[in-house]
Amino acid sequence: MVKKIAFSLIVFFSTSIQRVFSWGFWAHPRINRMAVFCLPEGMFAFYKVNIEFLTRHAVKPDERRYAVDFEAPRHYIDLDHYGSLPFKDFPRKWEDAVKKYSEDTLMAYGIVPWHVQREYYRLVKAFKNKDLENILKISAEIGHYIADAHVPLHTSENYNGQLTGQRGIHGFWESRLPELFGENYDYFIGQAYYIKNPLEEIWKVVIESHSALDSVLGFERELTKQFPEDVKYGYENRNNVLVRTYSQSFAKAYHEKLAGQVERRLCLSIWRVSSFWYSAWVDAGQPNLDEFASQKIEINEERFDKILKNFIDREAHLIPILEQFWGCCHGEAPNYAFYLDRIQKAHFWEKPYVLIESLLFTQSFQEKQHCVYQANRNYKKQQH
Ligand SMILES: [Zn+2]
């Protein structure tokens, strides 16, 4: 028993060291799912038919986080690193912020507002091209980032209470509380609204989140004074592992003290996700999606995986590296030519990395296929 508890402590503390947080596997899928029901006619039917895809892919960005470095900063922004509310002097535009703080600094402290902006314009483009696969993929993923921006602890350097002796509070607020109480929330949410300026809007969201940070940390601190350690924490069996976690009674007291804060942020996430989707559709000229209303999009991941698998079979020595990146092969980005060029110029030792990066960032299945082919050919050339 003693051994078991020691192991559990490791589980508890090790998950709180890495910065791989978000609303979690309970809330993210629900946020995307419920956002569909706020959409107006003209969009609703197509999104409804593909609701399972949007639900399933809501956690893709978090899965990628475990595998690639560049993913993590897209999920947060440590506003308090730069100053304090209302952050009047913080440049909202990426170029201005780079000028003031340097790109390295911005990457180190998180880029969620700018990443949402970038994904937004990709979504507009996908609507304009009636590119159904990308409409769904980008909608699912932007939904994730917008939802993350609603979490107060995604806007602070003290993101897990590690600077104030409150380690573990991140997952407590955004995963455990919704898991315990989310079924009883009132999800009566209005219709999606039009967002004139997506960058301003997402900045509004992160500032709102940051304003809520005081109560997130303060209430936990106050309650901790009233709860002895052995009442504050308890042990729960999760997948046959005994995990040390906040007790039900502490969670209930904290949730009550927050007076609906988690519910409000969750509902706002749903409303905003849907509004960003809707606005991108409007900005693209409201393409008629009803003509695809019965079209359930099958994304060719299996076919793609098979090709990659063939490639790996031939290049067995790359397996460990490729496996490490396996979970992250479904991302999208526009600059295919750039990555093709990089693959061609890459040194042998960095080829697998460039290959995977290019797979992540190419737009369509055909492009991915071509990428694998090119990388393979170049690799062979270098061998001779
Ligand atoms: Zn996230």
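Residues numbered from 1 in each chain as written. Predicted model: local features only at pLDDT ≥ 70, side-chain atom pairs only at ≥ 80, totals over all residues.

## Here we look at the overall build of the protein chain
Helix and strand counts for the protein chain come out as 20 helices and 2 strands. By the burial criterion, 36% of the 384 residues in the protein chain qualify as buried. In the protein chain, the proportion of contacts linking residues at least 24 apart, taken out of those at least 6 apart, comes to 77%. (Helix = DSSP H or I, 4+ residues; strand = E, 2+ residues; numbered from the N terminus. Buried ≥ 20, exposed ≤ 12 C-beta atoms within 10 Å, placed from the backbone. Contact = placed C-beta atoms within 7 Å.)

## Describing the confidence of the model for the protein chain
Predicted coordinates in regions of low pLDDT should not be interpreted in detail. For the protein chain, mean pLDDT is 80; residues scoring 70 or higher make up 69% of the total. Per-element confidence in the protein chain ranges from a low mean pLDDT of 32 for helix 1 (residues 2-17) to a high of 98 for helix 11 (residues 198-211). pLDDT under 50 marks residues 1-18. Its contacts with residues more than four places away, or in other chains, come to 17 contacts. Predicted confidence for residues 316-337 stays below pLDDT 50, and this span has 39 contacts to residues more than four positions away or in other chains. (pLDDT = per-residue confidence, 0-100.)

## Looking at helix 15 (residues 261-283)
Helix length check: helix 15 (23 residues) gives 32 Å between terminal C-alpha atoms against 33 Å at 1.5 Å per residue, within 8%. The element helix 15 is largely enclosed, with a buried count of 17 among its 23 residues. One or two steps after helix 15, the chain reaches Gly-285, where phi turns positive at roughly 90°. (Expected span 1.5 Å × (residues − 1).)

## What to know about the environment of Ile-77
With respect to the helices and strands, the residue Ile-77 is situated in the loop between helix 5 (60-65) and helix 6 (94-101). According to the C-beta neighbour criterion, Ile-77 is buried, with 28 such atoms within 10 Å. Along the chain, Ile-77 and His-210 lie 133 residues apart, while their C-alpha atoms are 9.8 Å from each other. Apart from the residues within four sequence positions on either side, Ile-77 is in contact with Tyr-109, Gly-110, Ile-111, Val-112, Pro-113, Thr-155 and Val-206.

## Side note on the nonpolar core
Within the largest apolar cluster, 66 residues are counted, with the highest numbers of intra-cluster contacts made by Ile-31, Ile-270 and Trp-277. Per-element accounting of this core gives the leading share, 11 residues, to helix 15. With sequence-adjacent residues up to four places away left out, Ile-31 is seen in contact with Trp-23, Ala-58, Gly-143, Ala-147, Ser-269, Ile-270 and Val-273. (Core = buried A, V, L, I, M, F, W, Y, C linked by C-beta atoms within 7 Å.)

## Focus on the packing of helix 9 (residues 132-149) against helix 15
Viewed as axis vectors pointing N to C, helix 9 and helix 15 meet at an angle of 140°, and their least axial separation amounts to 9 Å. As far as their axial angle goes, helix 15 and helix 9 are oblique. Of the two elements, helix 9 crosses helix 15, and the hand of that crossing is right-handed. Side by side, helix 9 and helix 15 meet where Ser-139, Ile-142, Gly-143, Ile-146 and Ala-147 of the first sit next to Ser-269, Arg-272, Val-273, Phe-276 and Trp-277 of the second. Counted by class, the contact of helix 9 with helix 15 contains 6 nonpolar, 3 polar and 1 charged residues. (Axes fitted to C-alpha atoms, helices over the stretch in contact; angles between N-to-C directions. Parallel < 35°, antiparallel > 145°, perpendicular 65-115°, else oblique. Left-handed = near helix turned anticlockwise from the far one by under 90°. Nonpolar A, V, L, I, M, F, W, Y, C, P; charged D, E, K, R; others polar.)

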